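Structural characterization, general
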Amino acid sequence: MNSLQVAIIDYGMGNLRSVANAFRAVAPDVRIEVTSDPAHIAAAERVVFPGQGAMPDCIRELDARGLRQAVTDATREKPFLGICIGLQMLFEHSEEGDTPGLGIYPGEVKRFPAEKMFDEHGAKLKVPHMGWSQVQQAAPHALWHDIPDQERFYYVHSYYVEPDDAALTAATTAYPFDYTCAIARDNVFAVQFHPEKSAAAGLQLLRNFVNWKP
Amino acid sequence: MGCAKRIIPCLDVTDGRVVKGVNFLELRDAGDPVEIAQRYNEQGADELTFLDITASSDNRDLILHIIERVAEQVFIPLTVGGGVRKVEDVRRLLNAGADKVSINTTAVLNPQVVEDAASRFGSQCIVVAIDAKKVDNQPFEWEVFTHGGRHATGLDAVEWARKMVSLGAGELLVTSMDRDGTKIGFNNPLNKAISDAVDVPLIASGGVGNLQHLVDGVTLGGADAVLAASIFHYGEFTVQQAKDYMRQHGLEVR
């Protein structure tokens with residue numbers, strides 16, 4: 001049996017089939033496993049940390065399965081891709097349910113403030129931010145390979161991250177103000193959007209992750 | 001800034017095939033769901049909606065297999081509705097690969113299902129479908145109908161939309177029953193009234209006959225996404241043509 005190349009962390013919050021399907025489509029020869037076993041996560045070459053739903057539930061379920069340490073270790077050791085709440089949980093704290101995060105990075109997860117949610121014509125912007133928005137790359141990165149700057153990715157979220165360290169930001173999106181939609185540091189890359197639902201551009205990002213040698 | 005206005009081809013599915021009715025009656029066969037889904041994905045569809053209109057409960061699981069097959073090949077958001085009665089139905093559709101589940105008649109009969117499903121799976125995957133018709137026998141303009149438009153509920157569509165969002169609906173799919181299949185355009189006053197009343201995105205549905213109708217759905221109806229079936233199924237327009245047209249008319253599209 002080949003060694004496990006990509007572990008997708010399953011902590012019971014929603015369906016990871018889309019993420020697994022997308023990886024299988026871009027990397028048919030790579031062994032991909034959806035797992036909640038800390039030993040498998042520790043043994044994997046690469047780790048994907050998805051998340052959907054509410055952050056308080058995500059943190060609770062992560063702890064209920066004893067996965068906090070495995071996730072924290074993975075962020076220090078190997079190529080790591082956070083998606084959506086999997087980005088948000090890396091920070092210290094979320095306004096959603098006043099929830100402490102994993103605290104890998106200093107910063108806060110904030111709700112889109114109602115008083116700012118208007119476009120340049122004064123039209124109301126909806127929350128959740130749901131749909132395809134442009135991603136402005138802050139700096140070159142292996143995960144942006146073959147993805148044009150300002151490409152659109154699919155989002156669905158009501159909270160966004162605000163890192164204390166601006167240098168963490170790998171990309172921003174405007175809704176309506178610029179916020180951090182991707183972070184990068186060493187072996188960690190994490191995005192607010194859903195690459196597994198972002199058609200060709202999203203698949204390219206997942207392909208880049210599989211090939212990434214940080 | 002903001003989001004691209006989404007174009008969502010809708011596939012009405014019965015017994016494993018895509019069909020499209022006119023005024024919810026007279027079904028015509030339009031093809032294999034997986035092939036059609038792939039074609040729309042290649043044309044640049046932003047999302048796909050599947051409505052299961054299978055009458056017989058024997059064949060209801062067919063939609064799960066369709067969604068499984070589509071989700072293995074098409075990497076854009078998939079919404080599935082039709083025949084969702086219990087939280088367990090939502091779970092099964094999400095597990096098959098749906099990203100969102102649309103709840104219609106059940107939301108009226110048992111609103112608790114919307115609340116329970118939203119709290120269990122998150123608002124982001126719960127769409128409430130509202131079928132509305134203009135009426136003159138009520139103290140309000142648009143009434144909610146269920147069972148594919150056959151049953152009047154006595155509910156004001158705008159108030160109903162507010163209530164569904166308060167229970168956790170993350171998006172509303174608003175179909176104008178008197179427009180569906182007519183090709184005379186969305187009911188923009190209805191959509192605008194609902195869009196202004198809630199914070200969540202609104203998908204306009206029912207009545208698209210040409211590309212200007214899509215533009216009007218956004219500019220006049222306040223829709224965040226536009227849903228259409230027959231103009232795409234029968235090859236009158238491609239999704240790409242629809243996007244080009246919307247872009248030429250000043251709308252942000254992907």
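In this text, all values refer to a predicted model and were calculated from it rather than measured experimentally.

**Thoughts on the confidence of the model for chain B**
All names here are of chain B. Within chain B, residue pLDDT values average 90, and 94% of them lie at 70 or more. Taking the mean pLDDT of every element in chain B, the minimum, 57, falls on strand 3 (residues 25-31) and the maximum, 98, on helix 6 (residues 157-167). Segment residues 21-26: pLDDT under 50, and 14 contacts once partners within four positions in sequence are set aside and those in other chains are kept. Both confidence scores are given for the complex: pTM 0.93, ipTM 0.92.

**Regarding empty space enclosed by the protein**
Taken as a whole and judged by the stated rule, the model has 1 cavity of 30 Å³ or more. For the largest cavity, the calculated volume is near 30 Å³.

**Structural notes on the pattern of salt bridges**
Side-chain pairing between opposite charges can occur once the charged atoms of the two side chains come close. Residue and element names in this part refer to chain A. Applying the stated criterion across every chain yields a total of 27 salt bridges over all chains. The salt bridge partner of R31 is E33, with a shortest N-O separation of 3.2 Å. In this structure, a network of salt bridges that share partners links the residues D57, R60, E61 and R65.

**Quick look at the UniProt feature "active site" (unreviewed entry) in chain A**
Residues and elements named next belong to chain A. Feature annotation in UniProt places "active site" (unreviewed entry) on C84, H194 and E196, given in this structure's numbering. Spanning 113 residues, the named residues nonetheless gather at one spot, since no C-alpha pair among them exceeds 11.0 Å. Relative to the elements of secondary structure, C84 occurs in the loop between strand 4 (80-83) and helix 5 (85-88). With respect to the helices and strands, the residue H194 is situated in the loop between strand 13 (188-191) and helix 6 (199-211). The residues contacting H194, other than those within four sequence positions of it, are G51, I83, C84, Y154 and V156.

**Points about unusual backbone geometry**
All names here are of chain A. With omega at 10°, the peptide bond leading from V127 into P128 counts as cis. Counting through the fold element by element, P128 comes out in the loop between strand 7 (105-111) and strand 8 (129-137). Cis geometry is found at the peptide bond from Y175 to P176, where omega equals -20°. Along the chain, P176 falls in the loop between strand 11 (169-174) and strand 12 (178-185). Positive phi values are uncommon outside glycine, yet C84 reaches one of about 60°. A relative accessible area of 3% means that C84 is categorised as buried.

**Looking at the pairing of strand 1 (residues 6-14) of chain B**
Side-chain positions along a regular strand alternate between the two faces of the sheet. Residues and elements named next belong to chain B. Counting buried residues along strand 1, 9 of its 9 residues qualify, which places the element largely inside the surrounding structure. Residues of strand 1 alternate between two faces, with R6, I8, C10, D12 and T14 on one and I7, P9, L11 and V13 on the opposite face, all of them buried. Direction of pairing for strand 1 relative to strand 12 (residues 225-228): parallel, over a ladder of 4 bridges. Bridged to R6 within strand 12 is A225. Here strand 1 runs beside strand 4 (residues 48-52); their pairing, made up of 4 bridges, is parallel. Bridging across to strand 4, V13 finds its partner in D52.

**What to know about the interface of chain B and chain A**
Chain B puts 40 residues into the contact, and the matching count from chain A is 33 residues. Summed over both partners, the interface of chain B with chain A comes to about 2700 Å²; 54% of that surface belongs to carbon and sulfur atoms. On the surface where chain B and chain A come into contact, there are 5 salt bridges. For E68 of chain B, the salt bridge identified is with R17 of chain A, shortest N-O distance 4.0 Å. Taken together, the links from chain B to chain A amount to 17 residue pairs in polar contact (both at pLDDT 80 or more). When residues of the side of chain B that touches chain A are traced back to their parent elements, those giving at least two are helix 2 (62-73), helix 3 (87-96), helix 5 (112-121) and helix 7 (188-197) of chain B.

**Here we look at helix 10 (residues 239-248) of chain B**
Residues and elements named next belong to chain B. Three or more residues of helix 10 are buried, namely V239, A242, K243 and M246. One side of helix 10 holds all its buried residues, which, seen down the axis, span an arc of 95°. Contact partners of the buried residues in helix 10: strand 1, helix 1 (33-43), helix 8 (211-219), strand 12 and helix 9 (230-233). G250 sits one or two residues past helix 10 and shows a positive phi near 85°.

**Here we look at the UniProt feature "active site" (unreviewed entry) in chain B**
Residues and elements named next belong to chain B. UniProt's entry tags D12 and D131 with the feature "active site" (unreviewed entry), counted in the numbering of this structure. Considering the arrangement of structural elements, one finds D12 in strand 1. Of the residues examined, D12 reaches a relative accessible area of 10% and is grouped as buried. The class of D131 is buried, set by a relative accessible area of 5%. Within polar-contact distance, the side chain of D131 engages the side chain of N104 at 3.2 Å.

**Looking at the packing of helix 2 of chain B against helix 3 of chain B**
All names here are of chain B. Direction vectors running N to C along helix 2 and helix 3 enclose 30°, while the axes themselves pass 8 Å from each other. Relative to helix 3, helix 2 is oriented roughly parallel. Contacts between helix 2 and helix 3 involve I63, L64, I67, E68 and A71 from the first element and R92, L93 and A96 from the second. Residues belonging to the contact of helix 2 with helix 3 are distributed by class as follows: 6 nonpolar, no polar and 2 charged.

**A few points about the environment of E159 of chain B**
Residues and elements named next belong to chain B. Examined against the element boundaries, E159 turns out to sit in helix 6. Assessed through its relative accessible area of 44%, E159 is described here as partly exposed. C-alpha separation for the pair E159 and D116, spaced 43 residues apart in sequence, amounts to 20 Å.

Rules used throughout
Residues numbered from 1 in each chain as written. Chains lettered and ligands numbered in written order. Predicted model: local features only at pLDDT ≥ 70, side-chain atom pairs only at ≥ 80, totals over all residues. Heavy atoms only, no water. pLDDT = per-residue confidence, 0-100. Helix = DSSP H or I, 4+ residues; strand = E, 2+ residues; numbered from the N terminus. Contact = heavy atoms within 4.5 Å. 1 Å grid on protein atoms, 1.4 Å probe; cavity = no way out; pocket = protein on both sides within 12 Å on 5 of 7 lines; lining within 4 Å. Points joined across faces, edges and corners; volume = space filled by probe spheres on them. Salt bridge = Lys/Arg side-chain N within 4 Å of Asp/Glu carboxyl O. UniProt positions renumbered as here; feature names shortened; annotations may be inferred. Buried < 20%, exposed > 50% of the residue type's maximum accessible area, 1.4 Å probe, protein only. Pairing = 2+ DSSP bridges. Buried area = accessible area lost by both parts, 1.4 Å probe. Polar contact = N/O pair within 3.5 Å; in protein donor to acceptor, adjacent residues only side chain to side chain. Arc of directions from axis to C-beta. Axes fitted to C-alpha atoms, helices over the stretch in contact; angles between N-to-C directions. Parallel < 35°, antiparallel > 145°, perpendicular 65-115°, else oblique. Nonpolar A, V, L, I, M, F, W, Y, C, P; charged D, E, K, R; others polar.

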